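Structural characterization, general
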Amino acid sequence: MKILFLANRIPYPPYRGDKLKIYNLARRLCIEHELHLITFTESEDDKQYISELKKIFSQVQTVHLPKWRGAINCLKGIWSDIPFQVLYFQSKKMEETLRYALQMHTYDAIHVQHLRMSPYLQHQKQLPRILDLPDAFSLYWKRRQAIDKNSLKIAFEKVEQKRLEKFEAIINDYPLSLVCSQEDWKYLRAHQPHAALQILPNGVDTTTFKFAEHDYSHGHTLLFTGNMDYAPNVDAVTYFVDALLPFIRKQYPDVKLVIAGQRPIKKVRALANEYIIVTGFVKDLSAMYNSASVVISPLRFGAGTQNKVLEAMAMGVPVVCTHIGFEGLGIQDGEGAFMRREPQGFVDTVCELLSSATLRAATGTKGRQTIAEKFDWDVITRQLDQYFKEVSRL
């Protein structure tokens, strides 16, 4: 099959988020299919990665969209009903590039990444298109405004959430739309009952995040990973340090917290002290997981699934998380991760794991089994391949 990927961000380097997903799927699909990529670049630095992407994609075309241009797009549409997330990525050049590609090639399937890119092929109903949503975006913004305390931020978030909830009806214009979790599927199904909607989970590269005889004997290191300029992650670590970690340290005064992730903002860097380590960018996250006793994911808002949870499970490290990013996994409590909604329950479970090497090992074993069965990228790629075949026959 000849398959086009239409992306809002260049999918390299594949460290976190949507870049990680497209890269891992495409790296496997290119073995049997001819892949083309059309994507935005945000900076000149992005262009250095084209050579790496050409190892996977037969053709790579880029459209430059600097931040200032995206900001102008948002300002121009301030009184419209279109979400700012979508306004940001409007581009005549992208329209022209896509139109030319469709004239030059006949694609058996087209993968449209993110709600942000959905307008570009909304009305091309003769084409075999799949819209791949990272999550239910309106759910993300609904949860975000429930946490914020700044009245101006809340006002903006309410506007954006309402716009997104209305705009998500665009999934009805696609023959198939995908979300990454059961939670997001249920939310969108309730709001868009007639849409063709399926699940394509996030996954883990089990060759990178590979179990290597994890040392369960130590119980003194907590780990949080993620992009540390991403609002849910920033809120999670500051909340954990302020509200939960003091109670854990009362029982385990030697415990340390490692916050590992690129682009930590000032608020995150300020958390560093003698028992809190803020690493910044880490090329080999697997080494961080190997040194951890317990991985924490105390997110209070967000949607979709969390890579940090899946990666830790793949490496046999027990996880304690909130319902954010857990409920949609379709796994039982204790199958590699424990879900705790209440602060006291979160603290108690972390302490229970720190106190027992046996429990850490048993939880880690269950996590590895769950990943192998449900969340290995090889398994997920086969699912997407089947979805491509289905839309190509419509």
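Residues numbered from 1 in each chain as written. Predicted model: local features only at pLDDT ≥ 70, side-chain atom pairs only at ≥ 80, totals over all residues. Heavy atoms only, no water.

Section: the packing of helix α1 (residues 17-29) against helix α15 (residues 377-392)
In contact at an axis separation of 9 Å, α1 and α15 are set at 75 degrees when each is read in the N-to-C sense. Taken together, α1 and α15 sit at an angle that is classed as roughly perpendicular. Contacts between α1 and α15 pair L20, K21, N24, L25, R28 and L29 from the former with W377, D378, I380, T381, L384, D385 and F388 from the latter. For the contact of α1 with α15, the class distribution of residues is seven nonpolar, two polar and four charged. (Axes fitted to C-alpha atoms, helices over the stretch in contact; angles between N-to-C directions. Helix = DSSP H or I, 4+ residues; strand = E, 2+ residues; numbered from the N terminus. Parallel < 35°, antiparallel > 145°, perpendicular 65-115°, else oblique. Contact = heavy atoms within 4.5 Å. Nonpolar A, V, L, I, M, F, W, Y, C, P; charged D, E, K, R; others polar.)

Some remarks on the side chain of D376
Looking at the secondary structure, you find D376 in the loop between α14 (357-375) and α15. In this structure, D376 is buried with no salt-bridge partner, the nearest side chain bearing the opposite charge being R28 at 5.1 Å. Of note is the side chain of D376, whose polar atom sits 2.7 Å from the side chain of T206. Among all residues touching D376, those that are not within four sequence positions of it are V204, T206 and I371. (Buried < 20%, exposed > 50% of the residue type's maximum accessible area, 1.4 Å probe, protein only. Lys, Arg positive; Asp, Glu negative; His and termini not counted. Salt bridge = Lys/Arg side-chain N within 4 Å of Asp/Glu carboxyl O. Polar contact = N/O pair within 3.5 Å; in protein donor to acceptor, adjacent residues only side chain to side chain.)

Quick look at the packing of aromatic side chains
The tally for this structure, following the rule as stated, stands at nine aromatic pairs. Between F5 and F388 the ring centres are 6.3 Å apart and the planes differ by 80 degrees, which places this aromatic pair in the edge-to-face class. Pair noted here: F5 is in strand β1 (residues 2-7) and F388 is in helix α15, with a separation of 383 residues, a long-range link. Owing to a relative accessible area of 0%, F5 belongs among the buried residues under this scheme. With a centroid separation of 6.2 Å and an interplanar angle of 65 degrees, the aromatic rings of F240 and F346 are classed as edge-to-face. Here F240 is found in helix α9 (residues 231-251), whereas its partner F346 is found in helix α13 (residues 343-355), with 106 residues between them in sequence. For the pair formed by F240 and F346, the shared burial category is buried. A network of ring pairs unites the aromatic residues F5, F57 and F388 as a single cluster. For the cation-ring pair, R163 lies above F84, with the distance from its terminal atom to the ring centre recorded as 4.5 Å. In this structure, R249 packs its charged tip against the face of Y275, placed 3.6 Å from the ring centre. (Phe/Tyr/Trp six-rings, centres within 6.5 Å; stacked < 30°, edge-to-face > 60°. Lys NZ or Arg CZ within 6 Å of the ring centre and 35° of its normal.)

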